[in-house]
Amino acid sequence: MLGNEAIARGIVESGCSVATAYPGTPASEILSAVAAWQKEEGATMHVQWGVNEKVALEVAYAASQSGLRAMACMKQVGLNVASDPFMSAAYLGVKGGFLVISADDPGPHSSQTEQDSRLMAMLARVPVLDPATPAEAREMVGTGFRLSEEFGVPVMLRPTTRVCHANQDIEPLPVLPHDRRAAFEKDPRRWAATPVFRHQLHLELEAKLKEIAVWPVTAPRRLNPETSSRKAVVAAGVAAAHAREVLDDLGLWGAVAFYQVVQPYPLHTPFIDGLLTGFDEILVLEETTGVIEMQLRDRYKVHGKLSGTVPEVGELSPETIARLLAGYAGSPEQETASFPAAGGRRPTLCPGCPHRSAFYAIKKAAPKGIYPSDIGCYTLGLNLGAVDTVLCMGAAVSQAAGFYQAYRLAGEARDIVATIGDSTFFHAGIPPLIDAVAQDARIVLVILDNSTTAMTGNQPTPATGISACGEPLTAVDMEGLVRACGVKFCRTGNPRELPAFVPLLKEAVAFARTEGPAVVIARHPCVVDRRQRENVPPRRKVEVTERCNGCRHCTESFECPALVFDETRGRVVIDVMTCSGCGVCIDVCPRLAIGEA
Ligand code: SF4
Ligand code: SF4
């Protein structure tokens, strides 16, 4: 199983009744796999994509308040969005087991930050489990539900990219019966607590944490009890898996005491005491921040990220861990293999991607504009010079308004054209659009609507009208929603039809200059979404003729990867293996050198 499938298996096996998520790498496959396991096992469950992480967490939490086991899943930056209910749920506590899965991305490979969700767990005062392998992740789902129910607290499971995307042989276990019935017991002093009761709830939470810090089930594991060294290595998550292998490979298994921490917060208090009294030196290996290290209160004995011994940013690779362990255990520095840097070209939008056409049109309609953008595959519009800022989900709209207000102060006006994906618009773009209308921000918002959440694996959006399990749902009307926000100019166009789409954008830009916010919905299906294959127009056979003079406008301003400059012929040719036959380049070439064969 893939790590994410193993986590999903654990969720279904544990009798979880409600599973919610918002997609985000490295966690995206978890909910789809839950839906698949649920179907296979015939388990009674509600499985849904939330419109964003906050909504997903709140839906699942209500199920927990009703006595059901529930899970909300997201990536680490998604937890920022869900942080409000997450913090509060810790105080209120839970009834049915409640698991929040926040997948971290040390590196980072596909995230804006490499923040450590364990710090968020500490901030919220929520226990967190840190698996080293897919099998452990599956096991910890069950442990997490037990922990949650025994102490009445939400529990975080924090896998990292290397756990989510690793493969391991795992035997499915029997599925616990999904036979609990919702039974919400009214208790306003708890569930709707006013500040005076929150103080009491905080006291209770702190008392629970003290008990969790001695709960035997999640105590650190001593993996080589036969060793009598005065030096110890304490590791968690993937760093523990790497350290275990490296100690063995370097012949250092008996040279240092080795502990795996499965619950980095709250760190077990007897473990802290035993470690600080039983060892002269302690090396802590963990990703990404020194969460365990900061709970070990002896800055002279403890070496880790805070002491400067272990790199503070990036993944802890096996090579880095080998170097650290070799030095720590007194072994001569090990020769570590060095790998040549991977070659290849920079990431780019797919051939035929409608977003490329939209960006090209935006540059034509507002060539001197400011282009705030957002989180999604369309961030790659920066290659086309059509993305100037990327901050976080939904920020394209609010930043566009912010740029407008900043220039307005000096009596200046700039064309500001923001881009946001359809899923991101539903996730966090609606409140800033309302704000832009209310504040009369003269901006153009282009909603890049490919009817899917493309970057994370083509999950449905609220406008798709399909559930996480593939069942039909009510499709939300995007145009109606935009108009309901108060936007007076809302038009839809096909970005791959440049001769019509560029004038539409110019109209929107002109409207925004004098009237107020304008929205253009650039609608065309994602070309790699299997579900929408029949909606993509048939392929066109396109060729570059002898009229091409090699000006490179198409390769540099449009940058379709199927357009390749042939140095020997001094002109562009089409790579038929990658060309999707969209035909948009026909309208891009200023010399009309591209046409249908
Ligand atoms: S195909 Fe057209 S745009 Fe591309 S290099 Fe040739 S002349 Fe220039
Ligand atoms: S038709 Fe032109 S723009 Fe479309 S994929 Fe092929 S080369 Fe690229």
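So, here's what we can say about the structure. (Residues numbered from 1 in each chain as written. Chains lettered and ligands numbered in written order. Predicted model: local features only at pLDDT ≥ 70, side-chain atom pairs only at ≥ 80, totals over all residues. Heavy atoms only, no water.)

### Looking at helix H3 (residues 53-65)
Counted at 1.5 Å a residue, the expected span for H3 with its 13 residues is 18 Å, and the 18 Å between its end C-alpha atoms agrees. Every buried residue belonging to H3 is among Glu53, Ala56, Leu57, Ala60, Tyr61, Ala63, Ser64 and Gln65, and all of these are buried. You can read the cap of H3 off the contacts: a side-chain oxygen lies 3.1 Å from the backbone nitrogen of Lys54, and it is on Asn52. (Helix = DSSP H or I, 4+ residues; strand = E, 2+ residues; numbered from the N terminus. Expected span 1.5 Å × (residues − 1). Buried < 20%, exposed > 50% of the residue type's maximum accessible area, 1.4 Å probe, protein only. Polar contact = N/O pair within 3.5 Å; in protein donor to acceptor, adjacent residues only side chain to side chain.)

### As for the layout of surface pockets
Summary: where empty space remains is shown by rolling a probe the size of a single water molecule over the atoms. Of the pockets and cavities examined, the largest pocket occupies roughly 650 Å³. Residue lining of the largest pocket: 38 residues in total, with Gln112, Ile375, Gly376, Met393 and Met455 positioned closest to the centre. Residue composition of the lining of the largest pocket, grouped by class: 16 nonpolar, 19 polar and 3 charged. In terms of lining residues, the second largest pocket is bounded by 25 residues, among which Gln48, Trp49, Pro462, Ile466 and Leu473 are the most central. (1 Å grid on protein atoms, 1.4 Å probe; cavity = no way out; pocket = protein on both sides within 12 Å on 5 of 7 lines; lining within 4 Å. Points joined across faces, edges and corners; volume = space filled by probe spheres on them. Nonpolar A, V, L, I, M, F, W, Y, C, P; charged D, E, K, R; others polar.)

### Here's the deal with the site of ligand 1
Taken together, Cys548, Asn549, Gly550, Cys551, Arg552, His553, Cys554, Val572, Cys589, Pro590, Arg591 and Ile594 make up the full set of residues near ligand 1. Because more than half of its atoms lie within 2 Å of the grid, ligand 1 is assigned to the largest cavity. For the shell around ligand 1, the class distribution of residues is 7 nonpolar, 3 polar and 2 charged. (Near = heavy atom within 4 Å. Sits in = over half its atoms within 2 Å of the grid points.)

### Some thoughts on empty space enclosed by the protein
If you walk through the whole model with that rule in mind, you get 3 cavities of 30 Å³ or more. The wall of the largest cavity is formed by 14 residues, among which Cys548, Cys551, Cys554, Val572 and Cys589 lie closest to the centre. Grouping the amino acids of the lining of the largest cavity by side-chain chemistry returns 9 nonpolar, 3 polar and 2 charged. Put simply, the second largest cavity is a space of about 80 Å³. Of the residues assigned to the lining of the second largest cavity, the class counts are 9 nonpolar, 4 polar and no charged.

### Let's talk about the site of ligand 2
Around ligand 2 sit 13 residues in total, of which Cys560, Cys579, Cys582, Gly583 and Cys585 are the nearest. In a pocket analysis with a 2 Å cut-off to the grid points, ligand 2 is assigned to the second largest cavity.

### Details of the sheet that holds strand S17 (residues 518-523)
The strand order across the open sheet built from 4 strands is S14-S15-S17-S16, with neighbouring strands paired in parallel fashion. Edge positions in the sheet fall to strand S14 (417-421) and strand S16 (489-493), since each of these pairs with one other strand and no more. Sheet twist, expressed as the average angle between the axes of neighbouring strands with direction ignored, equals 20°. Alignment of S16 against S17, held across 5 bridges, turns out to be parallel. Following the sheet pairing, Gly493 is matched in S17 by Ala522. Most of the contacts of helix H17 (residues 422-438) go to S14, to which it runs at about 130°, and overall it touches S14, strand S15 (444-449) and S17. Packed onto the sheet, helix H19 (residues 498-514) meets S14, S15, S16 and S17 and runs at close to 170° relative to S16. (Pairing = 2+ DSSP bridges. Axes fitted to C-alpha atoms, helices over the stretch in contact; angles between N-to-C directions. Contact = heavy atoms within 4.5 Å.)

### A closer look at a nonpolar patch on the surface
On the surface, Leu119, Met294 and Leu306 cluster together into a nonpolar patch covering about 250 Å² of accessible area. By the element assignment, Leu119 lies in helix H6 (residues 117-124). (Patch = residues over 30% accessible without salt bridge, like charges linked within 9 Å, V, L, I, M, F, W, Y side chains within 5 Å. Areas by Shrake-Rupley, 256 points an atom, 1.4 Å probe, with all protein chains shown as cover. Salt bridge = Lys/Arg side-chain N within 4 Å of Asp/Glu carboxyl O.)

### A word on the packing of helix H5 (residues 83-92) against H6
One way to put it is that H5 packs onto H6 with a least axis distance of 9 Å and a crossing angle of 45°. Viewed along their axes, H5 and H6 adopt a mutual orientation that is oblique. Of H6, the residues touching H5 (which contributes Ser83, Phe86, Met87 and Ala90) are Met120, Ala121, Leu123 and Ala124. In terms of residue class, the contact of H5 with H6 is made up of 7 nonpolar, 1 polar and no charged. (Parallel < 35°, antiparallel > 145°, perpendicular 65-115°, else oblique.)

### Let's talk about the packing of aromatic side chains
Within this structure, the stated rule accounts for 9 aromatic pairs. Between Phe184 and Trp191, the aromatic rings sit 6.3 Å apart at their centres with planes inclined by 35°, giving tilted as the arrangement. A residue is classified by how much of its surface remains accessible, and Phe184, at 44% relative accessible area, is partly exposed. Judged by its relative accessible area of 14%, Trp191 is buried. Here the aromatic residues Tyr259, Phe271 and Phe279 are joined through ring pairs into a cluster of three or more. Positioned above the aromatic ring of Trp37, the side-chain terminus of Arg9 is 4.8 Å from the ring centre. The ring of Phe565 carries the charged tip of Arg552 above its face, separated from the ring centre by 3.6 Å. (Phe/Tyr/Trp six-rings, centres within 6.5 Å; stacked < 30°, edge-to-face > 60°. Lys NZ or Arg CZ within 6 Å of the ring centre and 35° of its normal.)

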